[in-house]
Amino acid sequence: MRASTGRDNRRARQPAGGEPLSRSAGEPLSRRSDAPALLSGPWLLPGHDGRLLAYAHVEGAVLRWTERRPGGPEWSGPDVLPIDDVTHLTIAQGRNRYAHLLGRRVRGSGEGPRTADLVYAIQYQAGRPLSEWRSVGNPLTRQDRSAQLGVPAAAVNTAGALHVFAFRSEGRIALRREDAKGRWEAWTDLKTTAVLDTPVAVATSTGHVEVVAPSRGGTLAWYQREPGAAFERAHDLGVVALPGSATGLETAPGRVTYYLTDVHSRQIVAVRPGEWPIAVGGDPGDGRHAALAATVDGHPCTVLAHRDAGGRIMLGLCPAEGERYGVWWADAGTDCLGDPALACDAFGRVTVLAEAPDGSLVLARQDGTAGLTLGDWTRL
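Heads up: these notes are all about the structure in this document. Predicted, not measured: the structure shown is a model, and the values here were computed from it.

Check the secondary structure of the chain and you find 0 helices and 28 strands. In terms of overall size, the chain behaves like a compact globule, its C-alpha atoms giving a radius of gyration of 20 Å where 380 residues would be expected to give roughly 21 Å. When its C-alpha atoms are laid out on the principal axes, the chain stretches across 60 × 45 × 40 Å. Summed over all atoms, the accessible surface of the chain reaches about 16700 Å², with 47% contributed by carbon and sulfur.

Written out as C-alpha cells, the structure is:
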C-alpha cells in the first residue's frame, strides 16, 4: 500500500483542455474573470444511483454538476439552483443518499436590523430538482439579536432525521432535529458558553450522532447514550483544535476518528474519544481536512486531503485506525483554493474535487494502478 499521485509529483499535470494548474513560487493566484467566487464548498457526494454529484455555493445560487453515468468521466452541468441571501451553506448526506442542503440566510438592509434564519432543501435523486427551501428558524428569537447566529453544522442519522446545530456568537450551540415521524422538535441548548466556532457533527452506522466543537482549552464533545437520545457531554478531546480545521469519520462501527490541526504544534492529529491524540504529520494551511473511508489494494484505509501552507493539495493514506503506524503523504499535483473534497465513485475509486487557482472546479480519480495513484486532473 502506498500513496502516490502519478509518475511525476514534481509538477502539476494539466487539466483536459485547460491551462496548467500549477504556479511558480511567489506567483499570485489569479481567478478567471468569468469564474464566480465560491462562498462555501465545494462538496462531492455519491448519488442514489451511483453517480457522483458536485456542488458549489456562489452568490445567489447553488451550482450542481452530475456525472452522466456512474464512474464518469463525462459530467453535465452546472445546473443553477437559485437561493437568495444565503451567506454560507453546508451539506449533510444520509445513508439513503438524500443530500440535505442547509444555509444561513440573512435579510434586511438600510436602517433596520438585519435578521437571520436557517433554511434547508433536499436533493432526493441525482440530477433531479431540489425540494423547495424551508426555514428551520433561529434559536435567537429576538429580532435585534437574530443576526448573531453563526454558521450551522448538520448530520443525518440512520433513521433519516436531520440534526441542525446552530452556533451562536456568545459561544453556545443550539440543536434542532426531526423526530421519528419527520416533525421538527423545539430548539434545545447544549449548555456551553465556550465554543469558538462551528461544531462538527458526525452520524454513525449505529444510529448515534456525535458533536465536537473547538474551545480555548480543548475540543468539547457531546454524545448520545442511544440513538435518538438527548445529547450529553463527553470527555473533551485532548487537543486544542484550530477553528475550522476539524472533520470526523466513522472508522469502525459506532466509532469516530477526528482529524484536525493542533493549535499548538500546527500539525495534523488524529484523535478518538477517550484516546490520546496521534500526530500524523503534514504541513496544513488554515482550512478543513477531508477524510474518506476507502479500500486501497484490498485493505480498509483512511484517505485524507487538505490544502497545505503553500496552497498545494496533499493526500494522506493509512490503514483504518492505523494512524500510529504512520500516514503516507503525497502531493496531489495541483494548487487549490479553499478545502478539497473526497468521495468514492461507483467503482470504488478515490475521487478528489477542488477549486483550482483560476476559480474553476477540477477533479482527479484513482487511475487503477497500485496504491493511491491519481490520474490526470480534469475540469468539470
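Pairing of strand β13 (residues 200-203) with strand β14 (residues 209-214) involves 4 bridges; the strand directions are antiparallel. Considered in β14, the bridge of A201 is made with V211. Counted between consecutive antiparallel strands, the loop separating β13 from β14 contains 5 residues, among which G207 sits at a positive phi close to 95°.

This next bit is on the sheet that holds strand β20 (residues 278-281). Strand order across the open sheet formed by 4 strands is β17-β18-β19-β20, with antiparallel pairing between neighbours. With partners counted over all chains shown, the strands left at the sheet margins are β17 (247-252) and β20, one partner each. Sheet twist, expressed as the mean angle between neighbouring strand axes with direction ignored, is 30°. As paired elements, strand β19 (residues 268-271) and β20 share 3 bridges and run antiparallel to each other. Bridge pairing links I268 to G281 in β20.

This paragraph deals with the nonpolar core. Within the largest apolar cluster, 22 residues are counted, with the highest numbers of intra-cluster contacts made by V303, L315, L342, V350, L374 and W377. Put simply, the parts of the chain that give this core at least two residues each are β21 (290-296), β22 (299-307), β23 (312-319), β26 (350-355) and β27 (361-365). Per-element accounting of this core gives the leading share, 4 residues, to β21. Core analysis: the next-biggest nonpolar cluster, separate from the first, contains 16 residues, Y55, V86, I91 and A126 among them.

Tallied over the full model, the rule gives 0 disulfides. Here C344 stays unpaired: no disulfide links it, and the sulfur of C301, its closest cysteine neighbor, is 11 Å away.

What follows deals with the environment of D197. One can find D197 in the loop between β12 (188-189) and β13. Residue class for D197 comes out partly exposed when judged on its relative accessible area of 23%. Between the C-alpha atom of D197 and that of R168, which follows or precedes it by 29 residues, the distance is 8.6 Å. With sequence-adjacent residues up to four places away left out, D197 is seen in contact with F167, P214, P243 and G244. Polar contacts involving the side chain of D197 include one to the main-chain amide nitrogen of G244, which spans 3.4 Å.

Moving on, we get to the pattern of salt bridges. Under the criterion given, the structure shown has 22 salt bridges. Here E275 ties to R272 by a salt bridge, and the two come within 3.3 Å at their closest N and O atoms. A relative accessible area of 5% means that R272 is categorised as buried. The closest approach of N and O atoms between E323 and R272, which form a salt bridge, is 3.1 Å. Taken as a pair, E323 in the loop between β23 and β24 (328-335) and R272 in the loop between β19 and β20 lie far apart in primary sequence, 51 residues in all. Given a relative accessible area of 2%, E323 falls into the buried group.

The rules we used
- Residues numbered from 1 in each chain as written.
- Predicted model: local features only at pLDDT ≥ 70, side-chain atom pairs only at ≥ 80, totals over all residues.
- Heavy atoms only, no water.
- Helix = DSSP H or I, 4+ residues; strand = E, 2+ residues; numbered from the N terminus.
- Rg over C-alpha atoms; globule rule 2.2 N^0.38 Å.
- Areas by Shrake-Rupley, 256 points an atom, 1.4 Å probe, with all protein chains shown as cover.
- Pairing = 2+ DSSP bridges.
- Axes fitted to C-alpha atoms, helices over the stretch in contact; angles between N-to-C directions.
- Core = buried A, V, L, I, M, F, W, Y, C linked by side-chain atoms within 4.5 Å.
- Buried < 20%, exposed > 50% of the residue type's maximum accessible area, 1.4 Å probe, protein only.
- Disulfide = S-S within 2.5 Å.
- Contact = heavy atoms within 4.5 Å.
- Polar contact = N/O pair within 3.5 Å; in protein donor to acceptor, adjacent residues only side chain to side chain.
- Salt bridge = Lys/Arg side-chain N within 4 Å of Asp/Glu carboxyl O.

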